[in-house]
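# Examination of the molecular architecture
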Amino acid sequence: MSLAEAISLHVQDGDTVALEGFTHLIPFAAGQEIIRQKKKDLTAIRLTPDLIYDQMIGAGCIAKLIFSWGGNPGVGSLHRLRDALSNSWPRALEIEEHTHAGMTNRYVAGASGLPFSVLRGYDGTDLLSNTENIAQIKSPFGDEVLLAVAALNPDVTIIHAQQADRKNNVMSWGILGSSKEAVFAAKKVIITVEEIVDEFKPHHNSVIFPEKLITALAVSPRGAWPSYASGYYERDNEQYIAWDEVSKERESFNQWLEAEVFSKGEK
Amino acid sequence: MSLAEAISLHVQDGDTVALEGFTHLIPFAAGQEIIRQKKKDLTAIRLTPDLIYDQMIGAGCIAKLIFSWGGNPGVGSLHRLRDALSNSWPRALEIEEHTHAGMTNRYVAGASGLPFSVLRGYDGTDLLSNTENIAQIKSPFGDEVLLAVAALNPDVTIIHAQQADRKNNVMSWGILGSSKEAVFAAKKVIITVEEIVDEFKPHHNSVIFPEKLITALAVSPRGAWPSYASGYYERDNEQYIAWDEVSKERESFNQWLEAEVFSKGEK
Amino acid sequence: MSSELKWNSTEMMTIAASRILQNEMICFVGIGIPSTAAILAKSMHAPELFLVYESGTVNTNPQKLPLSIGDGELANRALSVVGMPEIFNYWLQPGRIDMGFLGAAQIDKFANINTTIIGSDYKNPKVRLPGAGGAPEISGACKEVVVILKHSPRAFVEKIDFITSLGFGSGPGSRKAAGLIGGGPSAVITDLGVLKPDPESCELTLVQIHPGVTVEEVKENTSWDLKVASSVTVTGEPTQVELEKVRLLVASSRN
Amino acid sequence: MSSELKWNSTEMMTIAASRILQNEMICFVGIGIPSTAAILAKSMHAPELFLVYESGTVNTNPQKLPLSIGDGELANRALSVVGMPEIFNYWLQPGRIDMGFLGAAQIDKFANINTTIIGSDYKNPKVRLPGAGGAPEISGACKEVVVILKHSPRAFVEKIDFITSLGFGSGPGSRKAAGLIGGGPSAVITDLGVLKPDPESCELTLVQIHPGVTVEEVKENTSWDLKVASSVTVTGEPTQVELEKVRLLVASSRN
């Protein structure tokens, strides 16, 4: 299946989507295809919105953002995110803000088919009074009070991985963040991969996603660029730095959008 | 450190111990060293007591067993366990009985530094009214009622693994059951390995235990025999079948204990 | 059972179980006859059967019978091997498994299962059995559960001594009340025939007998007054290929 | 700062932070100056420093500055790479980490940290900052936490606009009341000096100034009336080796 088909068939306006990958294997090609197809009113979940959600926010795809750290890593701010929050441009953006530990455990709950996970987190912070979907919970085995976070079960989780085999199983290695949990938590799963291989070679700390978990698989070489894919290509940090300029003004962003997304086909 | 030193230093009478490894990598050498050193009054945790705890029970090391499935896999019953339960021979044995999902999540809670884990489990069973350390818990995000299991934090977890490197990191692969969680949950960790290697080669689904997690490391070739060590030796099923006869009567068991444990040094 | 049959009753039970498995199902398998049935099905009509074992082997394709639930054969031939938290929490608990196979020491008319004790006093039982293992949650969360055990009055009892795994409890509504998300037992396959829960009452009903077995024989081996379907079918005879494969598999575990 | 110094204030801050790290510590590191300090320490006095990054890299040994918290350099040079549930739930949450490094946009006298918003209205802030990331739980669970930020009246404020990570709350007892298991901030390292919490009151106190810095200068850059220890030490000057290594590291991130 092509990426365009996968997005067209499986991402609907108004869906809750999670494009995961923690600094590594960020599914940029899929995110830009969502922009190209003008999907809208999405609730977008991601620990680190990163450039990918800055782009989707600027393009007006996202109505609500659920996240835990919203910067341009190593560079600075996400200007499209800020513009949406401050000026509702190009549309109003609602946010729901958590911690990495909280988001991770929300995916864990979703993956586990449970309504919530328990952690020690958010304690003493102002997030407690400003964030939904968290609640205190008492241990039934003593007096300790802990924090419960509500499960996340995205309509669609999208990740990028290195390889698929001929039977549509997928292997990924390197930093995976909360991707595994986001996949298990989702109702539908789209995975883009660098390439199809005959056989998976062993890697330290690799994870295999059996085809049973995958709704649609698309080959998308360099689909994580300008983030990186361990074993394939490195992070293109110039792009991250350049994004600061590109995204600062609406006009330069719109020019980028036209030139780099709408004028180009699926990567 | 030798296995004898490790057991002598780090396993105390009255300790709560977990010798984990799910049918694979069962730490038999360590268990038999515990027998040899006549440790007593142990609370012994293990999903599947298997032959190893049958031996330790028959030798009188164990005061309480916390488990979820107590048979001789593929063969039949554990006669020493039954004799201890029915006739308090060689001493009274208390049991606390769970399900695999419950035990696994008890280790998860212990590994996570939480007092409990939540699962969908034990529902509608008579375990609910006969087992300690389980309790119902209501979701703070709706009306669902789930089950909480209390954390397990063994004084000592003991596992067998394939390899250690020169810096005392340990690598294991193949079926690991709940070993990782049992290690993270423990106050002290003893690991026996097949051998020391210069470098870990990649394996599918391998797990590395950093030396920071390990209190004592001992080389114990064939330390999981008669269970198996993937990449080293296969399960010696004749021993599992023979155990049925050996363990059936106290006399034959005592002869085995004398000949195979007390008359032999550390394997 | 008549002596002229070319198979024994365990072979018949195994083959009947294997036939119930459909291609592409995700199946949670235990050791023994469930494994034999699953491996047989994969080599026959269901090559894409996706087998998960509680030890952590995902999509495994064993060629010989595993000696234990964590046999090296299962790990070496698996697509992947994961920890038990992932198996129980990510695969089983959310209802991802289509079919779970369970054995039983005792079963009642609502397919509730006992594998814990024989006797009325939990603290002082007549016989201590292995216990729960993964069964309660398998019974709870799989879309359907198939129970495999030999028919005898001691196994098919009016009241089981301990509910290790809930079937249909005391009838319709019990599973929901207990909070179980799975569909519950869809069939009980024995060496004599196949029982299925009545869609209305959930009570196990004899719907199929194996060749050479009579309805009367099944009723005699059931302690309660077994309901019998208005039309009872007869299991198709084991084919020569099925028998050969079953025997090869059973022989493989003796090596 | 006087202009004749052979280093800049960021270099001094980084070197001061690196010196606080002890060999064999398990350290939870963030990107930027914490990484530079940690890598520097590993190449100097603390070769066995055990670095954990929230992205999942365990015992990593980067040779150049990571560009992001999940840089390939961190993964390729790690003993192992694990998922974030394992990092947050198994490593951080139970109190296994000796020291956590945090940055801050605002900090108050009890070392409470804000990295969320500038302005009083959460829904409509003057400036939107990146947010919490891993900080609240790092601050909560590490045995000790070291905060690194540049000194300025806008950063060292009487009242922070949002508590992203709890330091000592409103003083002694606050952490325990909030349920935090870790010891809290043990030092705040800035480009001007080092503040440590008073053992009694938990209030940040100036205990050390960097070479060429005056106490007055630190007080001027702190919005509250900064407590000063009875004897303030002066940080040892950066050695030639420290400076060379820091500059090489910083240069490495530009490649």
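Here, residues in each chain are numbered from 1, in the same order as that chain's written sequence. Chains and ligands are labelled by the order in which they are written, letters from A for the one and numbers from 1 for the other. Confidence filtering applies because this is a predicted model: local features only for residues at pLDDT of at least 70, side-chain atom pairs given and counted only at 80 or more, and all residues used for totals across whole chains, interfaces and linings. Side-chain measures were taken over the full set of non-hydrogen atoms in the model, leaving aside hydrogen atoms and water.

### Regarding the overall build of chain C
Runs of E in the DSSP output that reach at least two residues are strands. Runs of H or I that reach at least four are helices, and both are numbered from the N terminus. Helix and strand counts for chain C stand at 8 helices and 14 strands. In this treatment the radius of gyration is a C-alpha quantity, and the globule benchmark scales as 2.2 Å times the residue count to the 0.38 power. Taking 2.2 N^0.38 as the reference for a compact globule, 255 residues should give roughly 18 Å; the C-alpha atoms of chain C span a radius of gyration of 18 Å, in line with that estimate. Taking the principal axes of the C-alpha coordinates as reference, chain C spans close to 45 × 45 × 35 Å. In chain C, which comprises 255 residues, the proportion classed as buried is 62%. Per-residue accessibility, obtained with a 1.4 Å probe over protein chains only, is compared with the maximum for each type, and a residue is labelled buried under 20%, exposed over 50%, and partly exposed between these values.

### Side note on unusual backbone geometry
Between Trp89 of chain A and the following residue, Pro90 of chain A, the backbone shows a cis peptide bond with an omega angle of 0°. Of note, Pro90 of chain A is situated in the loop between α4 (79–87) and β6 (94–97). Positive phi values are uncommon outside glycine, yet Leu25 of chain A reaches one of about 55°. With respect to the helices and strands, the residue Leu25 of chain A is situated in the loop between β1 (16–19) and α2 (28–36). Here Leu25 of chain A falls in the buried class, since its relative accessible area comes to 3%. Even without being a glycine, Asn133 of chain B presents a positive backbone phi close to 65°. With respect to the helices, strands and loops of the structure, Asn133 of chain B is situated in the loop between α6 (127–130) and β8 (134–138). Asn133 of chain B gets classed as partly exposed once you look at its relative accessible area, which sits at 28%.

### Re the packing of aromatic side chains
Two aromatic rings from Phe, Tyr or Trp, using only the six-membered ring of Trp, form a pair when their centres are within 6.5 Å; if the ring planes differ by under 30 degrees the pair is stacked, by over 60 it is edge-to-face, and anything between is tilted. Applying the stated criterion across every chain, the model contains 18 aromatic pairs over all chains. Arranged with centres 4.8 Å apart and planes meeting at 80°, the rings of Trp243 of chain A and Trp256 of chain A form a pair that is edge-to-face. With a gap of 13 residues between them, Trp243 of chain A in helix α8 (residues 237–248) and Trp256 of chain A in helix α9 (residues 250–262) connect regions that are remote in the sequence. Note on accessibility: Trp243 of chain A and Trp256 of chain A belong to one class, buried. Taking 6.1 Å as the distance between ring centres and 85° as the angle between the ring planes, the aromatic pair formed by Trp243 of chain B and Phe253 of chain B counts as edge-to-face. A residue pair is termed long-range when its members are at least 10 positions apart, and Trp243 of chain B in helix α8 (residues 237–248) and Phe253 of chain B in helix α9 (residues 250–262) qualify at 10 residues. On the accessibility criterion, Phe253 of chain B (0% relative accessible area) is buried.

### Considering the domain arrangement of chain A
All names here are of chain A. Domain annotation for chain A reports domain 1 (3–98 + 153–254) and domain 2 (101–150). Domains are outlined according to an automatic or database domain assignment. Centre-to-centre, using C-alpha coordinates, domain 1 lies 25 Å away from domain 2. With 20 residues of domain 1 at the interface, the matching set in domain 2 holds 13 residues. For this document, the term salt bridge refers to a Lys or Arg side-chain nitrogen within 4 Å of an Asp or Glu carboxyl oxygen. Where domain 1 touches domain 2, the interface holds 2 salt bridges. With a shortest N-O distance of 2.9 Å, Glu96 and Arg106 are connected by a salt bridge. Pairing of N or O atoms within 3.5 Å defines a polar contact, subject to two protein rules: one partner must be a possible hydrogen donor and the other a possible acceptor, and residues neighboring in sequence count only if both atoms are side-chain atoms. Our count for the contact surface shared by domain 1 and domain 2 stands at 8 residue pairs in polar contact (both at pLDDT 80 or more). For the side of domain 1 that touches domain 2, the elements supplying multiple residues, two or more each, are β3 (62–67), β6 and α7 (179–185). Ranked by the residues each element gives to the side of domain 1 that touches domain 2, the list is headed by α7, at 4 residues. For this classification, Asp, Glu, Lys and Arg are treated as charged, while Ala, Val, Leu, Ile, Met, Phe, Trp, Tyr, Cys and Pro are nonpolar and the rest, including Gly, are polar. Across the side of domain 1 that touches domain 2, the residue classes tally to 9 nonpolar, 4 polar and 7 charged. Whether two residues are in contact is decided by their heavy atoms: any pair within 4.5 Å suffices.

### With respect to the interface of chain A and chain D
Listed per partner, the contact involves 42 residues of chain A and 40 residues of chain D. Buried area is calculated as the accessible area (1.4 Å probe) missing from two parts once they are joined, with the contributions of both summed. For the chain A and chain D pair, buried surface summed over both sides reaches about 3300 Å², with 58% attributable to carbon and sulfur atoms. The tally of links between chain A and chain D comes to 1 salt bridge. The shortest N-O distance in the salt bridge between Arg128 of chain D and Glu97 of chain A comes to 2.4 Å. If you look at where chain A meets chain D, you find 18 residue pairs in polar contact (both at pLDDT 80 or more). Where the side of chain A that touches chain D is concerned, the elements lending two or more residues are α4, β6, α5 (100–111) and α6 (127–130) of chain A. Broken down by element, the residue count for the side of chain A that touches chain D peaks at 5 residues, all from α5 of chain A. Taken together, the residues that form the side of chain A that touches chain D break down as 14 nonpolar, 21 polar and 7 charged.

### With respect to the interface of chain B and chain D
Between chain B and chain D, the contact holds 14 residues from the first and 14 residues from the second. Carbon and sulfur atoms supply 59% of the area buried between chain B and chain D, which totals about 1300 Å² over both sides. Per-residue buried area on chain B facing chain D is highest for Ser112, Phe184 and Lys212 of chain B; these three make up 43% of the total on that side. Taken together, chain B and chain D are joined by 2 salt bridges. Across the salt bridge formed by Glu24 of chain D and Lys212 of chain B, the nearest N and O atoms sit 4.0 Å from each other. Taken together, chain B and chain D are joined by 5 residue pairs in polar contact (both at pLDDT 80 or more). Elements supplying a minimum of two residues to the side of chain B that touches chain D: α5 (100–111) and α7 (179–185) of chain B.

### As for the sheet that holds strand β7 (residues 116–119) of chain B
All names here are of chain B. Sheet architecture is open: 3 strands sit in the order β7-β9-β8, paired in antiparallel fashion. Looking at strand neighbours, the two that pair on one side only are β7 and β8, the edges of this open sheet. Going from strand to strand, the sheet's axes swing by 35° on average, the running direction of each strand aside. The criterion for strand pairing is that DSSP finds at least two bridges linking the strands in question. Direction of pairing for β7 relative to strand β9 (residues 145–150): antiparallel, over a ladder of 4 bridges. Across the sheet, residue Ser117 finds its bridge partner in β9, namely Val149. Think of each axis as a best-fit line through the C-alpha atoms, taken over the contacting stretch in the case of a helix, with angles from 0 to 180 degrees between the N-to-C directions. Its contacts with the sheet place α5 against β7 and β9, and it is angled at close to 140° to β7.

### Let's talk about the sheet that holds strand β12 (residues 193–197) of chain D
Consider a sheet: its strands pair through backbone hydrogen bonds, and that pairing is either parallel or antiparallel. Residue and element names in this part refer to chain D. The strand order across the open sheet formed by 10 strands is β4-β3-β2-β1-β5-β10-β11-β12-β13-β14, and the pairing between neighbours is mixed. Both outer strands of the open sheet, β4 (78–81) and β14 (227–234), are each paired with one neighbouring strand and no more. The sheet shows a mean angle of 20° between the axes of neighbouring strands, direction not considered. Across 3 bridges, strand β3 (residues 57–60) lies against β4 in antiparallel orientation.

### A closer look at the nonpolar core
Take the buried residues of types Ala, Val, Leu, Ile, Met, Phe, Trp, Tyr and Cys, join any two whose side-chain atoms come within 4.5 Å, and each joined set is a nonpolar core. In this structure, Tyr53 and Met56 of chain A together with Ile191 of chain B are the most contacted members of the largest nonpolar core, which totals 156 residues. With 6 residues, helix α4 (residues 84–92) of chain D is the largest single contributor of residues to this core. If we skip the residues at most four places from it in the chain, Ile191 of chain B touches Ile159, Ala161, Val170, Phe209, Ile214, Ala216, Leu217 and Ala218 of chain B. Membership of the second largest hydrophobic core comes to 115 residues, among which are Tyr107 and Leu127 of chain B together with Val145 and Ile209 of chain C.

### Things to note about empty space enclosed by the protein
Using protein atoms alone on a 1 Å grid, points that fit a 1.4 Å probe yet trap it form a cavity, whereas open point sets bounded by protein on both sides within 12 Å along at least five of seven lines form a pocket; residues with an atom within 4 Å of a point count as lining. Grid points are joined across faces, edges and corners, and a volume is the space filled by probe spheres set on the points. Evaluated as defined, the whole model comprises 6 cavities of 30 Å³ or more. Computed from the structure, the second largest cavity encloses a volume of approximately 130 Å³. Along its surface, the second largest cavity is lined by 16 residues, and Arg120 and Gly121 of chain B together with Glu137, Gly140 and Ala141 of chain C are the ones closest to its centre. Contributing elements (two or more residues each) for the lining of the second largest cavity: α4 (84–92) and α5 (135–141) of chain C. With 4 residues, the top contributor of residues to the lining of the second largest cavity is α5 of chain C. Counted by class, the lining of the second largest cavity contains 9 nonpolar, 4 polar and 3 charged residues.

### Focus: the pairing of strand β10 (residues 156–164) of chain A
Residue and element names in this part refer to chain A. For β10, a buried count of 9 out of 9 residues is recorded, marking the element as mostly surrounded by other parts of the structure. When β1 meets β10, the two strands line up parallel, connected through 3 bridges. Paired with Val17 across the bridge in β10 is Val156. Of the strand pairs in this sheet, β10 and strand β12 (residues 188–196) are connected by 8 bridges, and their pairing is parallel. Each residue of the ladder has a partner; that of Ala164, found in β12, is Ile196. As paired elements, β10 and strand β11 (residues 170–172) share 2 bridges and run antiparallel to each other. Bridging across to β11, Gln163 finds its partner in Met171.

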